[in-house]
Amino acid sequence: EGLNFLWEPDISQLSNPQVWLSAAGQVFFTLSLGFGAIVTYASYIRRNDDIVASGLSAASLNELAEVILGGSIAIPAAVAFFGVSNAKEIAESGAFNLAFVSLPAVFSNLTLGNIFGFFWFFLLFFAGATSSVAIAIPVIAFLEDELKLSRNVAVSITLALMFAVALVPIFMPKALDEMDFWAGTFFVILFALVEVIVFFWIFNGKLAWREINRGGIFKAPRILFYIIRYVTPLVLLTILIAWGFTVMPKKLAGGDVQVWTARIVMLVLFGLFAFMVSLANKKPR
C-alpha cells in the first residue's frame, strides 16, 4: 500500500501547476541548480574537466539515492505505520515533519531502532551542515572579491546574517515552510530560468555548448543543445506563468503574522543582496 501511494501515478495532477512547480523545484534544489551552491562546486572545476561525465554521474547517483532509495523507504514506511491519510497529512503539514515526526516513530518500533535513528539524524545533520557551507561560500567570496573585505570579516558578516535570518523560523514555526517554499522552490526555478537564458542566449549558445563538452570522454547528445536552449526555458516560463495566474493570488491572499513576517524578511534579504551587487558594480575596476 505504501509503494502504491508513492509510485501509482495520478494523471489528473498533470494539469495542476503546483505539482509542476514543486517537481521542478525539487529537481533544481536537489541538484544544487539555480542558487549559490552550484557556484561553489563549479569553482573546483578545472578548464578541461569532464563536465558531461560529472553531471551525468552526479544527477543519476543523486536521484537514485534520493528518489528511488530514500523515497521508497521513508514514504512507504510512514504509510505502513500511520496509514495513507495520516502520512499525507504529516507530509503536507510541514517541510520537515516527515523526517522529524514520522521517521522517529518508525525507528522506535524497529529492532535496533535507536542505532538506526542515530545514524539517520547524524547523516541529516552532516548533509545540512555541508549544504550550508556550500550556500554560504558565494556570499563570502562576493564580500571578499567585490567589496574587498578580509576573510574573517566576510565570514563574520555572513554568519551574523544567517543567524539573524534563522531566528525567524526558530521563533515563528509557520515561517519555516513559507521561507522554504520561496527560497527552495519558487526562486530556485526563477533563477534557473535566468541562468539558462544568460548561458545559452546572452553568453552565446554555441560557446556554452563547447564549454560543456570540453575535455569530455564522450560528448553530450546534440539534441540536448536544443532542449537546453529552447525547451527548458519555455517549460520553466510556462510553469511560472501558469502557477502565477492560478495559484499565486490565493497563496499571497492567505497567511498570518508569521507568514507575512517571513515574506518581508525574504524581500529585505533580496533587496540587501541587490544593493550589495549594485554597490560592487559602481566601484572602479
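Overview of the structure. (Residues numbered from 1 in each chain as written. Predicted model: local features only at pLDDT ≥ 70, side-chain atom pairs only at ≥ 80, totals over all residues. Heavy atoms only, no water.)

1. Comments concerning unusual backbone geometry
Here is step 1 of the chain: A positive phi angle, near 60°, is found at Ser 32, a position not held by glycine.
Here is step 2 of the chain: Inspection of the secondary structure puts Ser 32 in the loop between α2 (17–30) and α3 (37–42).
Here is step 3 of the chain: For Ser 32, a relative accessible area of 11% gives the class buried.
Here is step 4 of the chain: Unusually for a residue other than glycine, Leu 112 sits at a positive phi of about 60°. (Helix = DSSP H or I, 4+ residues; strand = E, 2+ residues; numbered from the N terminus. Buried < 20%, exposed > 50% of the residue type's maximum accessible area, 1.4 Å probe, protein only.)

2. With respect to the nonpolar core
Here is step 1 of the chain: Core analysis: the largest hydrophobic core is formed by 25 residues, its most contacted members being Leu 21, Phe 28, Met 179 and Ile 189.
Here is step 2 of the chain: For this core, the elements supplying multiple residues, two or more each, are α2, α8 (151–171), α9 (173–202), α11 (223–246) and α13 (257–282).
Here is step 3 of the chain: Looking at this core element by element, the count peaks at 10 residues for α9.
Here is step 4 of the chain: Once residues lying within four places of it in the same chain are set aside, the contact partners of Leu 21 are Phe 181, Thr 185, Ile 189, Ile 239, Leu 240 and Trp 243.
Here is step 5 of the chain: Counting residues in hydrophobic clusters, the runner-up holds 7 residues, among them Val 52, Ala 208, Trp 209 and Ala 220. (Core = buried A, V, L, I, M, F, W, Y, C linked by side-chain atoms within 4.5 Å. Contact = heavy atoms within 4.5 Å.)

3. With respect to the side chain of Asn 213
Here is step 1 of the chain: Among the secondary structure elements, Asn 213 is positioned in helix α10 (residues 205–213).
Here is step 2 of the chain: Judged by relative accessible area, Asn 213 falls into the buried class, the value being 8%.
Here is step 3 of the chain: Within the structure, Asn 213 has its side chain in polar contact with the backbone oxygen of Trp 209 (distance 3.0 Å).
Here is step 4 of the chain: From its side chain, Asn 213 meets the backbone nitrogen of Ala 220 in a polar contact 2.8 Å long.
Here is step 5 of the chain: Excluding residues within four positions of it along the chain, Asn 213 makes contact with Val 52, Lys 219 and Ala 220. (Polar contact = N/O pair within 3.5 Å; in protein donor to acceptor, adjacent residues only side chain to side chain.)

4. What about the environment of Ile 197?
Here is step 1 of the chain: Position of Ile 197 relative to the elements: it lies in helix α9.
Here is step 2 of the chain: As a C-alpha pair, Ile 197 and Ala 127 span 70 residues in sequence and 30 Å in three-dimensional space.
Here is step 3 of the chain: In contact with Ile 197, not counting residues within four places along its chain, are Ile 202 and Pro 233.

5. Some details on the packing of α8 against α13
Here is step 1 of the chain: The N-to-C vectors of α8 and α13 enclose an angle of 160°; their axes lie 10 Å apart at closest approach. Taken together, the axis directions place α8 and α13 in an arrangement best described as roughly antiparallel. Crossing of α8 against α13: the hand is left-handed. Note on element contacts: α13 touches α8 through Thr 261, Ala 262, Val 265, Leu 269, Leu 272 and Phe 273, opposite Leu 161, Val 165 and Val 168.
Here is step 2 of the chain: Of the residues in the contact of α8 with α13, the class split is 8 nonpolar, 1 polar and no charged. (Axes fitted to C-alpha atoms, helices over the stretch in contact; angles between N-to-C directions. Parallel < 35°, antiparallel > 145°, perpendicular 65-115°, else oblique. Left-handed = near helix turned anticlockwise from the far one by under 90°. Nonpolar A, V, L, I, M, F, W, Y, C, P; charged D, E, K, R; others polar.)

6. Comments concerning the pattern of salt bridges
Here is step 1 of the chain: Under the defined criterion, the tally for this structure stands at 6 salt bridges.
Here is step 2 of the chain: For Asp 256, the salt bridge goes to Lys 174, with nearest N and O atoms at 2.9 Å. Residue Asp 256 is located in the loop between α12 (248–253) and α13, and its partner Lys 174 is located in helix α9; the two are separated by 82 residues in the primary sequence.
Here is step 3 of the chain: Residue Asp 256 is classed as partly exposed on the basis of its relative accessible area of 28%. (Salt bridge = Lys/Arg side-chain N within 4 Å of Asp/Glu carboxyl O.)

7. A short note on the packing of helix α6 (residues 97–108) against helix α7 (residues 113–145)
Here is step 1 of the chain: In the contact formed by α6 and α7, the axes pass within 9 Å of each other and the chain directions differ by 155°. In terms of axis orientation, α6 runs roughly antiparallel to α7. Contact residues: α6 offers Ala 99, Phe 100, Leu 103, Pro 104 and Phe 107, while α7 offers Gly 113, Phe 116, Gly 117, Trp 120, Phe 121 and Leu 124.
Here is step 2 of the chain: Among the residues forming the contact of α6 with α7, the class breakdown is 9 nonpolar, 2 polar and no charged.

8. Concerning the packing of aromatic side chains
Here is step 1 of the chain: Scanning the entire structure with this criterion turns up 22 aromatic pairs.
Here is step 2 of the chain: On the basis of an interplanar angle of 10° and a centroid distance of 5.6 Å, the ring pair of Phe 199 and Phe 203 is categorised as stacked.
Here is step 3 of the chain: Given a relative accessible area of 33%, Phe 199 falls into the partly exposed group.
Here is step 4 of the chain: Taken together, a centroid distance of 5.2 Å and an interplanar angle of 90° make the contact between Phe 225 and Tyr 226 edge-to-face.
Here is step 5 of the chain: Put simply, the rings of Phe 199, Phe 200, Trp 201, Phe 203, Trp 209, Phe 225, Tyr 226 and Tyr 230 touch in pairs and so form one group of aromatic residues.
Here is step 6 of the chain: The side chain of Arg 222 reaches across the aromatic face of Phe 225, ending 4.3 Å from its centre.
Here is step 7 of the chain: The ring of Trp 260 has Arg 263 lying over it, and the distance from NZ or CZ to the ring centre is 4.5 Å. (Phe/Tyr/Trp six-rings, centres within 6.5 Å; stacked < 30°, edge-to-face > 60°. Lys NZ or Arg CZ within 6 Å of the ring centre and 35° of its normal.)

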